[in-house]
Amino acid sequence: MKKRKNNAIIAIVIILALIFAGAAGFIIFRIVNSAAANDQNSKIASSYASNIAQTDSSQQATQNSGSESSPDATTAKLAENPVNLSELNAQNPDIYSWIYIPNTNVNYPVAQSDADDNFYLDHDIYKGYSFPGTIYSQSCNKKDYSDRVTVLYGHNMLDGSMFATLHNFSDPQFFEENKYMYIYTENRKLTYEVVSAFVYDDRHIMNSFNFLDDAVYTQWQQDALNPRSVSSNVRKDIQLTKNDKMLVLSTCLNGGGDGRYLVQGVLVKDEPTG
Amino acid sequence: MKKLFAAVAAVVIMAFSAVPAFAVSVNSPVATTQAETQPTTSKVKKDTTPVSPKTGSDSVVAFSAIALTSVACGAATLFAVKKAKAKK
């Protein structure tokens, strides 16, 4: 009887040890995979968008010096496009734009799969398994950012990569000091002014709202300007109209939980690039 | 005679070919299926769920498993040690 009891304890300990080893192995695999993905992403950024920060700072200087563009001025002079999207697109046709947010780690290609909406949730731009995945949109959004609302998804990685640094916008000072986010397509530069950043529920935005309906869209914009979330930051001087185009960046919350952290921007400039 | 027979056969074939109702059906070894056009609707596996894609670090399960198994192993070890001491 005693021997049987001892055997049972040993068996339980062995099972627990196996579970422990499996979980530890899984975490180690993820850490290694994330590190490799990080390395790959920084190589991609330095190869295909090496001058993006310089381009941004020179244009910020232009904006700050008061010569911020009228629509005529933007069409007269082509904006600089520091991203070699055509080469990236040749490697993977799913890649259609690039997102860059100054003073964050957000500097990545954006993909949309024509096979599975959530393919890039855990695949890199070379279509290999990658825990951090790729910044992506779903097929409900057009690739030219012409929808009223375009949603981009990215992981909230512990190492600060992908969309993790969107959480910087929860700091009021950071929010005030960082007004713009940029999307580059092959021949356009889209500048979005950050409207608000807040915690939202886990609703699938594009599946839950019919933004073709003016009333729904207007309500969404009002919610963006007056979020119900306690930890929200909103730019006060912004007026939104139903002709505006919005960009929503979605990532998970820092402390876990079912909500999402959203950073919303409104398109303020759409420039052709040279 | 052979020439006459061939000429009659040719006339008959031509006559029957000219009238569609009498046309001889010819079975060609080459398959002639109707050309298919590419379907215009995409075959994307759409995300139709009401919940937004989960973009968290998502190692919670693994970390929980490590924590729980560590506690359980610790408890089992303590139990074994206590038992061994009691034996002595």
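Residues numbered from 1 in each chain as written. Chains lettered and ligands numbered in written order. Predicted model: local features only at pLDDT ≥ 70, side-chain atom pairs only at ≥ 80, totals over all residues.

Moving on, we come to the overall build of chain A. Scanning chain A for helices and strands turns up seven helices and nine strands. With respect to the three principal axes, the spread of C-alpha positions in chain A is 90 × 40 × 35 Å. Taking the contacts inside chain A whose residues are at least 6 apart along the sequence as the reference set, 66% of them involve residues at least 24 apart. (Helix = DSSP H or I, 4+ residues; strand = E, 2+ residues; numbered from the N terminus. Contact = placed C-beta atoms within 7 Å.)

Summing up its helical and strand segments, chain B has two helices and zero strands in all. Counting every position in chain B, which comprises 88 residues, the buried fraction comes to 6%. (Buried ≥ 20, exposed ≤ 12 C-beta atoms within 10 Å, placed from the backbone.)

So, on to the interface of chain A and chain B. Buried accessible area, meaning the area lost when the parts come together, often serves as the stated size of an interface. Counting residues at the interface gives 38 residues for chain A, matched by 25 residues for chain B. Those elements giving two or more residues to the side of chain A that touches chain B turn out to be α1 (2–48), α6 (205–208) and β8 (246–252) of chain A. Per-element tally for the side of chain A that touches chain B: the top contributor is α1(A), with twelve residues. Residue composition of the side of chain A that touches chain B, by class: 19 nonpolar, twelve polar and seven charged. (Nonpolar A, V, L, I, M, F, W, Y, C, P; charged D, E, K, R; others polar.)

So, about unusual backbone geometry. Residue and element names in this part refer to chain A. The phi torsion at K127 lies on the positive side, around 70 degrees, for a residue other than glycine. By the secondary structure assignment, K127 is in the loop between β2 (107–111) and β3 (135–136). Taking the number of C-beta atoms within 10 Å as the measure of exposure, K127 has 15 and is therefore partly exposed. The phi dihedral of M162 falls on the positive side, at around 55 degrees, and the residue is not glycine. Relative to the assigned elements, M162 resides in the loop between β4 (149–153) and α5 (172–177). Accessibility expressed as a C-beta count within 10 Å gives 27 for M162, which makes it buried.

Bringing the nonpolar core into the picture now. All names here are of chain A. One finds W98, I99, V110, L152, L249 and L262 to be the most contacted residues of the largest nonpolar core, which totals 57 residues. Of all the elements, strand β6 (residues 188–200) adds the most residues to this core, at seven residues. In contact with L152, other than residues within four places in its own chain, are I99, V110, I135, Y136, S137 and L249. (Core = buried A, V, L, I, M, F, W, Y, C linked by C-beta atoms within 7 Å.)

Residue and element names in this part refer to chain A. With five of five residues buried, β2 is to be regarded as a mostly interior element. Alignment of strand β1 (residues 95–100) against β2, held across five bridges, turns out to be antiparallel. Paired with W98 across the two strands is P109, which belongs to β2. Counting the residues in the hairpin turn of β1 and β2 gives six residues, including N103, whose phi is positive at 65 degrees. As defined by bridge partners, β2 adjoins β3 across two bridges and the pair is classed as parallel. Looking across to β3, one finds that A111 is bridged to Y136. (Pairing = 2+ DSSP bridges.)

Turning to the confidence of the model for chain A, a few remarks are in order. On average, residues of chain A score 89 in pLDDT, and 92% of them reach the 70 mark or higher. Within the model, the stretch residues 66–75 of chain A combines pLDDT values under 50 with six contacts to residues more than four positions away or in other chains. (pLDDT = per-residue confidence, 0-100.)

The next thing to look at is the environment of I183(A). All names here are of chain A. Relative to the assigned elements, I183 resides in strand β5 (residues 180–184). Classification of I183 by C-beta neighbours within 10 Å gives buried; the count is 22. Ignoring any residue separated from it by four or fewer positions in sequence, one finds I183 in contact with S97, I99, Y145 and L190.

Turning next to the pairing of β1(A). Residue and element names in this part refer to chain A. Counting buried positions along β1 gives six out of six residues, so the element sits mostly inside the fold. Of the strand pairs in this sheet, β1 and β5 are connected by three bridges, and their pairing is antiparallel. Pairing of I99 across the sheet is with I183, part of β5.

Turning our eyes to something else, we now look at the environment of Q40(A). Checked against the element boundaries, Q40(A) lands in helix α1. Measuring from C-alpha to C-alpha, the distance between Q40(A) and D258(A) comes to 30 Å, with 218 residues separating the pair along the chain.

Take helix α7 (residues 214–225) of chain A next. Residue and element names in this part refer to chain A. Taking 1.5 Å of rise per residue, the twelve residues of α7 would be expected to cover 16 Å, and the 16 Å separating its terminal C-alpha atoms lies within 8% of that figure. Within the span of α7, buried status applies to Y217, W220, Q221 and A224. In a view along the axis of α7, the buried residues occupy a sector of 95 degrees, so they form one face of it. Opposite the packed face of α7, turned more than 90 degrees from it, sit the exposed residues A215, Q219 and Q222. Check the buried side of α7 and you find it contacts β4, β6 and β9 (260–272). (Expected span 1.5 Å × (residues − 1). Arc of directions from axis to C-beta.)

All names here are of chain A. Along the chain, K242 falls in the loop between β7 (233–234) and β8. A C-alpha to C-alpha distance of 31 Å links K242 and P82, two positions 160 residues apart in sequence. Here K242 is in contact with D214, Y217 and T218, once residues within four sequence places are set aside.

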